[in-house]
Amino acid sequence: MSDNGHVTDKRQRDFDDLQHELAGVDVGRMRRFLNADDDRSPEGKRKKQERARQTLEDLMRDPEYARLYVALGDRLRDAEVRADTALAAIQNQLASVSNEIVWMEDAAARGPDGRQVFRFTDGRAVYADGSDVGPEIAEGIIWPPSAPTADDYFAAETRRNDLQNKLTEWDIYRNDVLGGLRHRYDSDDTPMSKDDLKDALDSIENLRPTAATLDTSTTTDAVLSAKPPAFPVFS
């Protein structure tokens, strides 16, 4: 084997040994890279977690810190439940309006080329993409009595787009905002400071998306519109 081959094998072995040490895997050889005080080693991680727990215990002796810490845990849990409820309600509304749109498309009148056509209450005819149907074509269209109006069809599309945007807003809030705060709150790393706790409480309140105000199910609207008691602001 060439010298380059030996070098490559050694680099691979060194890399493998480092990964094993990071993972705490005993491979029957003396540890070569990480000592017990290295935060990346299993012993180092345990010591770091113990220091963090001790620091948190010390901080919790301060009544104001303890109040903030407990308040954040409570508010974070409540916000997570609210966000999950909002997401479920929006998804239900989105499914409902999507089904409504499918029904209207199936029930729509058809032009000579088979494309779906809709008619506004003022008599103007359009295709599903919103483009106008020529007068000569519109005159020959047979409009079923149950055909949905263009007003209803495009209103439903608007509701669907609004719901999709609202779903994205709440998903970002639930996973990025609340998820990030949850990771920080539960982390075994350095405990949050008083300012961190205050900022987190403010973020839960200030970054929450507005409630849905769409003309959909009364039940799901009520779920989204129900506003919990205002979160306390700690100065």
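Residues numbered from 1 in each chain as written. Predicted model: local features only at pLDDT ≥ 70, side-chain atom pairs only at ≥ 80, totals over all residues. Heavy atoms only, no water.

Here we look at the overall build of the protein
Scanning the protein from N- to C-terminus turns up seven helices and three strands. Beginning at the N terminus, the succession of helices and strands in the protein can be written as α-α-α-β-β-β-α-α-α-α. Going through the 235 residues of the protein one by one, you find that 33% of them count as buried. Summarising the internal contacts of the protein: among those between residues at least 6 apart in sequence, 64% fall at separations of at least 24. For the protein, the accessible surface area stands at approximately 14300 Å², while carbon and sulfur atoms represent 51% of it. (Helix = DSSP H or I, 4+ residues; strand = E, 2+ residues; numbered from the N terminus. Buried < 20%, exposed > 50% of the residue type's maximum accessible area, 1.4 Å probe, protein only. Contact = heavy atoms within 4.5 Å. Areas by Shrake-Rupley, 256 points an atom, 1.4 Å probe, with all protein chains shown as cover.)

Topic: the environment of glutamate 64
Following the sequence through the fold, glutamate 64 ends up in helix α3 (residues 63–107). Sequence separation of glutamate 64 and lysine 194 is 130 residues, and the distance between their C-alpha atoms is 8.4 Å. Here the side chain of glutamate 64 touches lysine 194 through a polar contact of 3.0 Å, side chain to side chain. (Polar contact = N/O pair within 3.5 Å; in protein donor to acceptor, adjacent residues only side chain to side chain.)

What about the packing of helix α5 (residues 150–186) against helix α6 (residues 194–206)?
Where α5 contacts α6, the two axes come as close as 11 Å, and the packing angle between them is 160 degrees. Between α5 and α6, the angle is such that the two are roughly antiparallel. Handedness of the α5/α6 crossing: left-handed. Contact residues: α5 offers Tyr173, Val177, Leu178, Leu181 and Arg184, while α6 offers Asp196, Ala200, Ser203 and Ile204. (Axes fitted to C-alpha atoms, helices over the stretch in contact; angles between N-to-C directions. Parallel < 35°, antiparallel > 145°, perpendicular 65-115°, else oblique. Left-handed = near helix turned anticlockwise from the far one by under 90°.)

Quick word on the nonpolar core
Counting 34 residues, the largest nonpolar core has Leu72, Trp170, Tyr173, Leu178, Leu197 and Ile204 as the members making the most contacts within it. Among the elements that take part in this core, α3 stands out by supplying 14 residues, more than any other. Grouped together as the second largest cluster of nonpolar side chains are seven residues, Ala109, Val117, Val133 and Ile141 included. (Core = buried A, V, L, I, M, F, W, Y, C linked by side-chain atoms within 4.5 Å.)

Interpretation in functional terms is not warranted from these geometric data alone.
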